[in-house]
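Topology and contacts: notes
Letter by letter, the chains look like this.
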Amino acid sequence: MQDDDSILATEHLSLYYGDNQALRDISVRIPRNRVTALIGPSGCGKSTLLRCFNRLNDLIEGVRIEGRILFEGRDIRDPGCDVVELRKRIGMVFQKPNPFPSSIYDNVAYGPRVHGVRNRGALDAIVRVSLEAAALWDEVADRLHDSAMGLSGGQQQRLCIARTLAVGPGVILMDEPCSALDPIATSKIENLINDLKEHYTVVIVTHNMQQAARVSDFTGFMYLGRLIEFGPTARIFENPREELTNNYVTGRFG
């Protein structure tokens, strides 16, 4: 069973790509309505772990998983799990902004339409609320029917966040969401992440330790497929318990 304050958890999770073991016996609890950052050097398994939470690794041939992955206390790998519903509840924002080549409005309305919302008034309301929640409404309100491809990179990434919010998730997974953005756009996304945790649980993968320190409440340090240490962000950065963690956050390797 999960603690009341955790929304996601893994229990002895291991993952293999063919003969290559990418995750090794990971047990972690992700607190509800908090921002959790996963840090560690390239290839340590951060994005692989993130993708476990909404079963995106299922799409990769040759993947084998051991252990349990729990969302609100239920194992998402059970045969009865509805993967479409799971990915509605656990949304994903990718490293590079990936808006659809359609209007700003249609990007945000896409998910609700797929899930059966047809009423124009209802769609209008969802689009506005989602864009407001993604701190984008004021910038695009007068051009909702323009192509999303005309937005800046930072605006496109906030549009992708709005598109994720439009289907009513509980969890938002973010895989290096600022790595393709300039410092000003990055600052806007970081401020947005801080606002989102009032209503959502956010799990972010980042190579940028300063970003992890700025935006997250909890941090997990990963190395060679293992979760070396997990805890409140301030402790991980200021008083880590593991020597490997200390070496990484002080810049001695990685």
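Let me sum up the structure you'll find in this document. No experiment lies behind these values; they were computed from the predicted model shown.

**Observations concerning helix H3 (residues 104-114)**
Looking at H3, one finds that the buried residues are Ile-104, Tyr-105, Asn-107, Val-108, Ala-109, Gly-111 and Pro-112. The secondary structure elements touched by the buried residues of H3 are helix H4 (120-133), helix H5 (137-140) and helix H6 (153-165).

**Focus: the nonpolar core**
Ranked by internal contacts, the top residues of the largest apolar core, which has 41 residues, are Ile-104, Leu-131, Leu-159, Ile-161, Met-174, Ile-193 and Leu-196. Looking at this core, the element that brings in the most residues is helix H7 (residues 183-196), giving 5 residues. Once residues lying within four places of it in the same chain are set aside, the contact partners of Met-174 are Leu-50, Val-93, Ile-161, Ile-193, Leu-196, Val-202, Val-203, Ile-204 and Val-205.

**Description of the pairing of strand S6 (residues 90-93)**
Burial of the side chains of S6 extends over both faces: Ile-90 and Met-92 are buried on one face and Gly-91 and Val-93 on the other. Across 4 bridges, S6 lies against strand S7 (residues 171-175) in parallel orientation. Bridged to Met-92 within S7 is Leu-173.

**Structural notes on the packing of aromatic side chains**
Evaluation of the coordinates by the stated rule reveals 3 aromatic pairs. Their ring planes at 65° and their centres at 4.9 Å tell us that Phe-100 and Tyr-110 sit as a pair that is edge-to-face. Taken as a pair, Phe-100 in the loop between S6 and H3 and Tyr-110 in helix H3 lie far apart in primary sequence, 10 residues in all. Owing to a relative accessible area of 29%, Phe-100 belongs among the partly exposed residues under this scheme. Considering the side-chain rings of Phe-218 and Phe-230, the 6.1 Å spacing of their centres and the 10° angle between planes classify their relative orientation as stacked. Remark: Phe-230 occurs in strand S10 (residues 226-232) and Phe-218 occurs in strand S9 (residues 218-223); sequence separation between them is 12 residues. Judged by its relative accessible area of 22%, Phe-218 falls in the partly exposed class.

**With respect to the pattern of salt bridges**
According to the stated counting rule, one finds 14 salt bridges in the structure shown. Residue Arg-64 is joined to Glu-66 by a salt bridge in which the shortest nitrogen-to-oxygen separation is 2.9 Å. Its salt-bridge partner being Asp-217, residue Lys-197 comes within 2.9 Å of it at the nearest N-O pair. Linking Lys-197 in the loop between H7 and strand S8 (201-205) with Asp-217 in the loop between helix H8 (209-215) and S9, this pair joins segments that are 20 residues apart in sequence. One salt-bridge network, held together by shared partners, links Glu-11, Arg-68 and Asp-75.

**Here we look at the environment of Pro-101**
For Pro-101, the position within the fold is in the loop between S6 and H3. With a relative accessible area of 75%, Pro-101 lands in the exposed category. Considered as a pair, Pro-101 and Ser-179 are 78 residues apart in the sequence and their alpha carbons are 22 Å apart.

**Some remarks on the state of the cysteines**
On inspection of all chains with the given rule, the structure shows 0 disulfides. Cys-44 takes part in no disulfide bond, and the closest cysteine sulfur, belonging to Cys-52, lies 13 Å away. What makes Cys-44 buried here is its relative accessible area of 2%. Residue Cys-81 stays outside any disulfide, its sulfur separated by 13 Å from that of Cys-52, the closest cysteine.

**A look at the sheet that holds strand S4 (residues 63-71)**
Here 4 strands make up an open sheet; going across it, the order is S2-S1-S4-S5 and the pairing antiparallel. Strand pairing shows two members of the sheet lacking a second neighbour, strand S2 (20-31) and strand S5 (74-75), which therefore form its edges. Both S4 and S5 contribute to a ladder of 2 bridges, which runs antiparallel. What sits directly across from Leu-70, in S5, is Asp-75.

So, how was this worked out
Residues numbered from 1 in each chain as written. Predicted model: local features only at pLDDT ≥ 70, side-chain atom pairs only at ≥ 80, totals over all residues. Heavy atoms only, no water. Buried < 20%, exposed > 50% of the residue type's maximum accessible area, 1.4 Å probe, protein only. Helix = DSSP H or I, 4+ residues; strand = E, 2+ residues; numbered from the N terminus. Contact = heavy atoms within 4.5 Å. Core = buried A, V, L, I, M, F, W, Y, C linked by side-chain atoms within 4.5 Å. Pairing = 2+ DSSP bridges. Phe/Tyr/Trp six-rings, centres within 6.5 Å; stacked < 30°, edge-to-face > 60°. Salt bridge = Lys/Arg side-chain N within 4 Å of Asp/Glu carboxyl O. Disulfide = S-S within 2.5 Å.

Scope: geometric values only; no functional claims are made or implied.
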